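Analysis of the macromolecular model
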Amino acid sequence: YYWENRHVPGPKPWPFVGNIAEHIFGRKTLGQVLMKIYRKYDGYPFVGVFRAMTPCLLIRDPDFVNEIAVKNHKAFYNNDFFIDKKNDPIMGQNPFVLRDQEWKETRQLITPGFTSGKMKQMYPTTFKVSEELVRFVANHPDNAIEIQDLTRRYTMENVFRLAFGIEGKGFDSYVERSEFMNIAIKLLEPGSLNGILQQLNAVVPFLGRFLRVRLVSEEIERKLTDIVSDVKKYRELNQVKGNDYFEFILQIAKEKSLNITEIAAHGVMFFFDGYESSAIVFTDLLFNLAMNPKYQRKIRDEIKRIEKENQGNPITYEELSEMKWLDACLYESLRTRPFLDILVKCCTQPFEYTPSNPKFKKMTVKLYPGDTVILPYSMFMKDESYFKNPDVFYPERMMDNENLNKSIFFPFGNGPRICIGQRFGLMQLKIGAAQLIKNFDISLSSKTKLPLKLNLFHFLNVPQDKVLLEFKKVNEE
Ligand code: HEM
């Protein structure tokens, strides 16, 4: 009766499973279940739902999203994701899970590591990795390449070089995985006990607390701190300075006297958020481009024009932002295949909301500290009233993406908690995609099972089966 007592509309919950039985019993993703509720309550500004036994307010009104993420951010300061820092010292320091003052201080501390000036310094490394990606594809022994593996190799190589100052050797072998790739895979393995706990934490957060969820196992924590310690010693002994995020962290470490686990935690933040999420987004982009080859041609023309203007020199960091078609395809891909479905925030100060938009029924909700709200990240992206034919990949609508309503389309979040790595994410994806499209015609392999089905047990939207693409060298027709 939690929501009923507050006169908030919503579907009837069941004991223990609340409104997400279909997800708990493995029939649908959490996003698919919530999407059904979102659509059913058309015209309502919010809906009271139960994520298992946790009452959450599913927001449907973009103005309310704006209040939560931007205007009244102080009343919704924290993300609903609990990691105990004492139990998991590496993941417990990630800004995404940090709360209150600790989040504010960490965010302020690392923000200078993500300026465009810093991106410009890191760009040559990312560019080099993108060249290695092209070589890897060109010499690949298989006709059809598993794209999830390829994009992970690429984003892993970038984050190892930039966040830990070492080569991840991701492109060294087609058969064997490097030691570093194994670390990366273990860090996020969905099938492992750790992966199951991650999923539990996403569905039933209070169980996460009870079971003392660790996202980074002790074995991986030890390996990562050893790497960090070795690279730190090497740089100090040889007086080497890198143009990377690791160097930025070493500077902070000196100023704030951070210990080796704290330094590793900053590297892992870059790794954790920059590796898997970016690899999923990259996979989706390449899949969408393979399905819609006319946009590959538009992007290739764009690259040719830029290279002609700069006398055949490689594309610079600044020139990436001139690639309007690539930009539009990337944003449209983020919309048609969102890598997550919801953002969940905790109420930290009493807050009252009544919609002013006549599109929504006039009703009031009062929220109190401890309540949780769900921002419908992917639901807005698939809402016909905001995007016509929402399932169609139509990059033209993203040509002016800067002017889209940020309370409806917020692929990187919005407000003070907006993704800190947005610039880096965009840089590595754009140069990686540009290099592949410049060199190859990308098409879908007949071995890929369509339509792509989502993995029901991953807390991010990842395809259940392998996505195989074929790469044919441009000019070799
Ligand atoms: C295309 C790739 C990426 C996408 C689509 C993405 C998207 C997001 C989203 C939606 C959020 C939640 C924002 C909110 O709560 O309002 C977020 C948070 C975050 N992202 Fe990203 N991200 C990407 C890449 C990266 C990269 C490369 C890094 C780091 C190198 C990164 C670091 C973070 C961090 C630290 C947060 C938490 C920020 C905070 O709570 O203060 N992300 N990201």
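Residues numbered from 1 in each chain as written. Predicted model: local features only at pLDDT ≥ 70, side-chain atom pairs only at ≥ 80, totals over all residues.

What to know about the UniProt feature "binding site: heme" (unreviewed entry) in the protein
To keep it simple, the criterion reads: UniProt positions are given in the numbering used here, feature names are shortened, and annotations may be inferred rather than shown by experiment. In DSSP terms, a helix is any run of H or I states spanning at least four residues, a strand is any run of E spanning at least two, and both are numbered starting from the N terminus. Any residue with 12 or fewer other C-beta atoms within 10 Å of its own C-beta is exposed, any with 20 or more is buried, and the rest are partly exposed; the C-beta atoms used are placed from the backbone. For the purpose of contact definition, each residue receives a C-beta atom placed from its backbone, and two residues are in contact when these atoms lie within 7 Å.
The residues that UniProt annotates with the feature "binding site: heme" (unreviewed entry) are Cys419. Relative to the assigned elements, Cys419 resides in the loop between α16 (377–381) and α17 (422–439). By the C-beta count within 10 Å, which is 19 here, Cys419 ends up partly exposed. In this structure, Cys419 is in contact with Phe412 and Gly413, ignoring residues within four places of it in sequence.

Focus on the sheet that holds strand β5 (residues 343–346)
Applicable threshold: Two strands qualify as a pair provided that DSSP identifies no fewer than 2 bridges between them.
Strand order in the open sheet made by the five strands is β1-β2-β8-β5-β3, with mixed pairing throughout. One side of each edge strand has no neighbouring strand; the edge strands of this open sheet are β1 (46–51) and β3 (78–79). Strand direction decides the pairing type here: β1 and strand β2 (residues 54–59), joined by six bridges, are antiparallel. Bridging across to β2, Val47 finds its partner in Leu58.

Structural notes on the site of the ligand
We count it as follows: Using a C-beta atom placed from the backbone, a residue is described as near a molecule or strand when that atom lies within 6 Å of it. Amino acid classes used here: Ala, Val, Leu, Ile, Met, Phe, Trp, Tyr, Cys and Pro are nonpolar; Asp, Glu, Lys and Arg are charged; the rest, including Gly, are polar.
Gly274, Gly413, Cys419, Gly421 and Gly425 are the nearest of the 25 residues found near the ligand. Counting only elements with at least two residues in the shell around the ligand, the list comes to α12 (260–291) and α17. When residues in the shell around the ligand are grouped by element, the largest group, seven residues, is from α12. For the shell around the ligand, the class distribution of residues is 15 nonpolar, seven polar and three charged.

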